[in-house]
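Each chain is listed here by its residues.
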Amino acid sequence: MSYFVDVILPLPLAKRFTYELSTEEAGFVKPGMRVAVPFGKSKIYTGIAGKIHQVAPQVYEAKPIHQILDKSPLVTEQQLKFWGWLASYYMCAEGDVLRAALPGAFLLESEAIVQLRNKEIPEDAKLDDEEFVLLEALQNQSSIKIQEVMKILDRKAVLPVVNRLVEKGFVALNQEIYEQYKPKKTRFVCLAEHYSDETSMHQLLDELNRAPTQREIVLNYFGLTAQSKKPLSAKKLLQKSKATSASLKTLINKGILEEYFETTDRLNFSGETTSKDIEFNEFQEKAFKQINRVFAEDKVCLLHGITSSGKTEIYIQLIKEILSKGGQTLYLLPEIALTTQLIQRLQFYFGDQVLVYHSKYSVNERVEVYRKLLNSGEGKVVIGARSSIFLPFNNLNLVVVDEEHEQSFKQFDPAPRYHARDAAVVLANIFKANIVMGSATPSLESFFNAEHHKYGYAEISRRFGNVLEPKIEIVDIKSKHRKKKMKGHFSDRLLEEIEASLKEEEQVILFQNRRGFSPILECNTCGHSPQCPNCDVSLTFHSHNNQLRCHYCGYHIAMQHKCMACGSVEITTKGFGTEQIETELKALFPKHIIGRMDQDTTRGKYAFEKIITAFEQQEIDILVGTQMLTKGLDFRNVNLVGIMNADNLLNFPDFRAHERSFQLMLQVAGRAGRTKKRGKVLIQSFNPHHQIIQQVSTGDYQGMYKDQLEDRYNYKYPPYFRMIRFTLKSRDYSNVNTSADWLAKSLKNVFGAYVLGPEFPPVARIRNEYYKNILLKIPQKQSLGKTKQVSQKILDSFKAIGKFRNIKVVVNVDPV
C-alpha cells in the first residue's frame, strides 16, 4: 500500500507537490513537520508536510522524500489554516506565505557534495586535465563541497566536469542538508581541580608573581566566585581584570583555568515588575466597559481615543484579565512604533512573560522566540510588528492592534502582500479570540465598519489627567516670504516659539516628512538636475557624506560642483529634507543639542532606541524627524511641535493623501503637552485655508471623515469598492506596454468600466525595470471570491503566452 504527503515548498508554486512515503515514514510524519524533498534536477528544499493520503498524483510520478527533519510539528494546525486563507485572499502561493511565516533558519540549506566512488583510477581511463585534477583532490578528502570544486578548478561552471565523472562512475553528486540556526554558546571558566585547596592556591599565586596580568586574572576569579555561586563567564572575568583574551588563553593552556561552553538564552529579561493595579479615570472606565460589551457580542472593537488619552492602560488591563485565565495576547504595532518605551512599560507589568518579535531581530533571535512559543507556551504576551501574526500561538485569547490606521501594517514586497490589521481579524477568528483596534485617527475603512455596526465602538474623548489638547496655530509662509519674515525654512513665529520653549528648558519636535538635505539639485543656467541612471527620479543631496543618492535603488555619486550637462557652476538646491533643517538649526541655535531621526540615522539595531533614550533623558533639545516621530511616543518635556511644511503631504497623487495628511499631522501634534502644561503646535503652509489643515487645527475627525467618505463614494474607492492592483514589470519597455494592454483588455472584457489603466505610476522605472499598473475596482455586491477566480484564470492565460514570459506580474489585493 502506497502512502503520499502533499508538501508546501518555499517557492511561488500554484499548488502543493505530492511525494511518496514509506510505511514507516507515513506512521511518523504529521502535518506541520518539516521534510527535505527533491525538486527539479538536483535541488533539495525544506518543505512543510500537509495532508497524508493514499492517492497518487495523476500528472507526474511522486518522488520519495529525502528525509524527515522534525520529531514533532513545527507549524500548528491553526497556522496551516491561516496560511491557506492568506494565500487565497491575497492571491499568492502558500510557498510565499511559508517564506514570510518561518524564520529563515528553519528552511535548512542544502549543499551539493562531490563524493569519490572509486579510489583506483585505471591507467586506460580517458580523463581530461580538469577531471584528473578533481580526482586527485578527492584522493585526499573523499568528498568536497561544490564551492571548493570551483576553487580547485578555478572556474564557476564546474557541473559539466562533475557530471562527466558521474557518468564514468568515478564520483557521486549528493546533497547535504545543514542547519542554519546556531544556538548561543557562552564561554565559562573555572579553576582546575588540583588548585582547589588553600595551599595550592597560595603556591599558584607565588608562581604567577612574574606574570602580573595572569595573576590579576586569577585574583579577580577568586573575588568574583566568592561573591556569587553562579558560573563565571569568560567575558565577565576579562572585563573585571581589564585583561586580554590572550592572557586568559595562556592560563587555560597552562591548565590553571578550564573553559567550558553552555547554551544560553538570547532573550532574557532582568528588569523590575509591579503588581500595582491600573487606575482608570471616568473616561477610561467607560471605554473599558464599552469594549467588554462589544467582546460579549463576539465583535471586533474599534477604540477611538485621542492622543494621550490612556489607551495603553486599557490594553494592559485587558491583557491582565486574559493572563489570569491562562490565555495569550498578541500586541501588534507598526514597526516604527515598536519602541523600548512601550516594551519596558509592558515588561513592568508582565515581566518575562513578554516576548518581542520584529525585523531588527537576528535570525537566531527569531528562531528562539518561535521555539519558546511552540514548545513551552512561554511568552503569554507577544509584542511585535506585522510578522508576529505568523507565530505559533496555542491559546490566543486577545489581539490588540495599536495605531491601526498605520499603512506600515501592509506588506509591500515580497508576497504575501498582506495587511496585518485585516489578517489579525481572521487570526483572532480562527482562535475565537477577542480583538481590539486602537487609534487617535482611525482609518476610514475601520470607522466605516464601526458606523455600519460591523465593528463595535468605544471612545475616549479626553486626555489623561485632564490635560488640555495642544493649541494649534497655522502659519501662512506664503505671506511670511512676501514680508521677508523667513529665516531659511523657519518663519519668525516658529523661531519665537522655539526660543521661548528652550528658555523654559523644554524640548521641541520638528516634523519634515522627507529625509536628506535637498531633493533636487538644479542648474540655474540650463535647468538640468542629476537623475538616477536606473530609476526615473532625481538624486537627493545628502550633506553628511556629500553625496547625491537615489532613494529607490541606492545609486550614489559624489556631490557635483559643476552642472553635468553644461558645465556651469551656478547650481542650487530645491526643496528641503530633515538634514537641511538640522543644519539650519545648528546655525540658529549653536548652544543647543540638535538630534535627527530618519531612515539614515536609525539603520543599526539599537540606533532608534539610542535616539529615543537620549531625547527622553533630555540630552537632545530639538529633535528633527520624519513620520517615525508620529508613532505613539510619550515625551514628558515636549511642549512645542513644529510641522515644517504641510503642503508636500497634501499634494501627493493618491486617493488616501488627505486622510493620511490629517492622520500624520494630528499624530505628530499629539506629541506636544502630554503633562500639565498645554502644548503648542505650529503648522507652516503655503495654503493655510486648505480644508484638511483647518480640520487638523480643530481636531475635527468627523468632518474629515464625512468629506473624504463623500469623495470615496463619488469616485468609487474603498470602503465602497474593493481594489486589486496588477503591476507589470520588465526591463523591456515595449513588452511592458504590449503585455499591459493585453491584460487590461482581457480584464475589461469581463469587468468592463471597473478596470482602470494600464497607466505608468509616478515613478515608472526602478532599478532599470519599467512598471505599469492596472486597477480593478470591485463593487460591494460583486463576489470577491469569484472576481479573484476569474482574474487568476486570465493571469494563467497571460503566463502561457511565450512573449510575456519575462514579464513579472505583481498582484496586490487591497493596496494602500
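Draft legend 1. Representation of the overall build of the protein in the model. Secondary structure summary: the protein contains 26 helices and 36 strands in total. On C-alpha atoms alone, the protein measures out to a radius of gyration of 31 Å, which is about the 28 Å that the 2.2 N^0.38 rule sets for 816 residues. Principal-axis analysis of the C-alpha atoms gives the protein an extent of 95 × 85 × 70 Å. Going through the 816 residues of the protein one by one, you find that 53% of them count as buried. For the protein, restricting intrachain contacts to residue pairs at least 6 apart in sequence, the fraction spanning at least 24 positions comes to 74%. As presented, the protein carries roughly 39,500 Å² of accessible surface, and 49% of it is formed by carbon and sulfur atoms. Put simply, the protein has 109 plus and 93 minus side-chain charges, and the middle of one group is 4 Å from the middle of the other.

Draft legend 2. Region of interest: the nonpolar core. By size, the foremost hydrophobic cluster in this structure holds 152 residues, and its most contacted members are Trp83 and Leu102. Every residue in contact with leucine 102, bar those within four places of it in the chain, is listed here: Ile48, Leu74, Val75, Trp83, Leu107 and Tyr370. Val189, Tyr195, Leu204 and Leu232 belong to the second-largest nonpolar core, a separate cluster that totals 22 residues.

Draft legend 3. Fine view of the environment of phenylalanine 222. Topologically, phenylalanine 222 is positioned in helix α8 (residues 212–227). Non-local contacts of phenylalanine 222, meaning those with residues more than four positions away in its chain, are made with Leu191, Met201 and Leu205.

Draft legend 4. Broad picture of the sheet that holds strand β17 (residues 434–439). The strand order across the open sheet formed by 7 strands is β14-β15-β13-β16-β17-β12-β18, and the pairing between neighbours is parallel. Edge positions in the open sheet fall to β14 (354–357) and β18 (456–460), since each of these has one partner strand only. Sheet twist, expressed as the mean angle between neighbouring strand axes with direction ignored, is 20 degrees. Direction of pairing for strand β12 (residues 301–305) relative to β17: parallel, over a ladder of 4 bridges.

Draft legend 5. Layout of the environment of lysine 777. Within the fold, lysine 777 resides in strand β35 (residues 769–779). The exposure class assigned to lysine 777 is buried, which follows from its relative accessible area of 7%. For the pair formed by lysine 777 and alanine 172, sequence separation is 605 residues and the distance between their alpha carbons is 55 Å. Those residues in contact with lysine 777 that sit more than four places away from it in its chain are Tyr715, Lys716, Tyr717, Phe721, Arg722, Met723, Tyr754 and Leu756. At 2.9 Å, the side chain of lysine 777 and the backbone oxygen of tyrosine 715 are in polar contact.

Draft legend 6. Representation of the sheet that holds strand β4 (residues 43–53). Pairing is antiparallel across the open sheet formed by 5 strands, whose spatial order is β2-β1-β4-β3-β5. Single-partner strands in this sheet number two, and they are β2 (17–21) and β5 (67–68). Both strand β3 (residues 34–39) and β4 contribute to a ladder of 6 bridges, which runs antiparallel. Paired with valine 35 across the two strands is glycine 47, which belongs to β4.

Draft legend 7. Geometry of the pairing of β4. Pairing of strand β1 (residues 3–8) with β4 involves 4 bridges; the strand directions are antiparallel. By the bridge assignment, isoleucine 8 is partnered in β4 with isoleucine 48.

Draft legend 8. Spatial organisation of the environment of glutamate 504. Among the structural elements, glutamate 504 can be located in the loop between α18 (492–503) and β22 (507–511). Using a relative accessible area of 55% as the deciding quantity, one classes glutamate 504 as exposed. In this structure, the C-alpha to C-alpha distance between glutamate 504 and asparagine 639, residues 135 residues apart in sequence, is 9.8 Å.

Draft legend 9. How the structure looks around the packing of aromatic side chains. Under the counting rule described, the total for this entry stands at 31 aromatic pairs. Geometrically, the ring pair formed by phenylalanine 17 and phenylalanine 39 is edge-to-face, given 5.1 Å between the ring centres and 85 degrees between the ring planes. With a gap of 22 residues between them, phenylalanine 17 in strand β2 and phenylalanine 39 in strand β3 connect regions that are remote in the sequence. Relative to phenylalanine 222, the ring of tyrosine 221 lies with its centre 6.1 Å away and its plane at 70 degrees, an arrangement referred to as edge-to-face. When sorted by exposure, tyrosine 221 lands in the same class as phenylalanine 222, which is buried.

Draft legend 10. Local environment of the packing of α8 against helix α10 (residues 245–253). Where α8 contacts α10, the axes come no closer than 10 Å and their chain directions differ by 80 degrees. Regarding the angle of α8 to α10, the classification is roughly perpendicular. On the side of α8, the interface is formed by Thr213, Gln214, Ile217 and Val218, while α10 contributes Ser247, Leu248, Thr250 and Leu251. Taken together, the residues that form the contact of α8 with α10 break down as 4 nonpolar, 4 polar and no charged.

Draft legend 11. Seen up close, unusual backbone geometry. The residue after proline 718, namely proline 719, is reached through a cis peptide bond having omega 10 degrees. Considering the arrangement of structural elements, one finds proline 719 in the loop between α24 (701–714) and β32 (721–730). Between glycine 757 and the following residue, proline 758, the backbone shows a cis peptide bond with an omega angle of 10 degrees. Phi at methionine 91 takes a positive value of approximately 50 degrees, unusual for a residue other than glycine. Residue placement: methionine 91 occurs in the loop between α2 (77–89) and α3 (94–101).

Draft legend 12. Main features of the packing of helix α22 (residues 657–669) against α24. It is at 10 Å that the axes of α22 and α24 come closest, and there the two elements cross at 165 degrees. Relative to α24, the element α22 lies roughly antiparallel. Crossing angle aside, the handedness with which α22 passes α24 is left-handed. Contacts from His658, Glu659 and Phe662 in α22 reach Tyr701, Met704, Gln708 and Arg712 in α24.

Draft legend 13. How the structure looks around the pairing of strand β16 (residues 396–402). Extensive coverage of β16 is indicated by the burial of 6 of its 7 residues. Sheet topology places strand β13 (residues 328–332) next to β16; 5 bridges connect them, and they run parallel. Bridge pairing links threonine 329 to leucine 398 in β16. As judged from the 5 bridges shared by β16 and β17, these two strands associate in the parallel manner. Considered in β17, the bridge of leucine 398 is made with asparagine 434.

Rules of the game
- Residues numbered from 1 in each chain as written.
- Predicted model: local features only at pLDDT ≥ 70, side-chain atom pairs only at ≥ 80, totals over all residues.
- Heavy atoms only, no water.
- Helix = DSSP H or I, 4+ residues; strand = E, 2+ residues; numbered from the N terminus.
- Rg over C-alpha atoms; globule rule 2.2 N^0.38 Å.
- Buried < 20%, exposed > 50% of the residue type's maximum accessible area, 1.4 Å probe, protein only.
- Contact = heavy atoms within 4.5 Å.
- Areas by Shrake-Rupley, 256 points an atom, 1.4 Å probe, with all protein chains shown as cover.
- Lys, Arg positive; Asp, Glu negative; His and termini not counted.
- Charge placed at Lys NZ, Arg CZ, Asp CG, Glu CD.
- Core = buried A, V, L, I, M, F, W, Y, C linked by side-chain atoms within 4.5 Å.
- Pairing = 2+ DSSP bridges.
- Axes fitted to C-alpha atoms, helices over the stretch in contact; angles between N-to-C directions.
- Polar contact = N/O pair within 3.5 Å; in protein donor to acceptor, adjacent residues only side chain to side chain.
- Phe/Tyr/Trp six-rings, centres within 6.5 Å; stacked < 30°, edge-to-face > 60°.
- Parallel < 35°, antiparallel > 145°, perpendicular 65-115°, else oblique.
- Nonpolar A, V, L, I, M, F, W, Y, C, P; charged D, E, K, R; others polar.
- Left-handed = near helix turned anticlockwise from the far one by under 90°.

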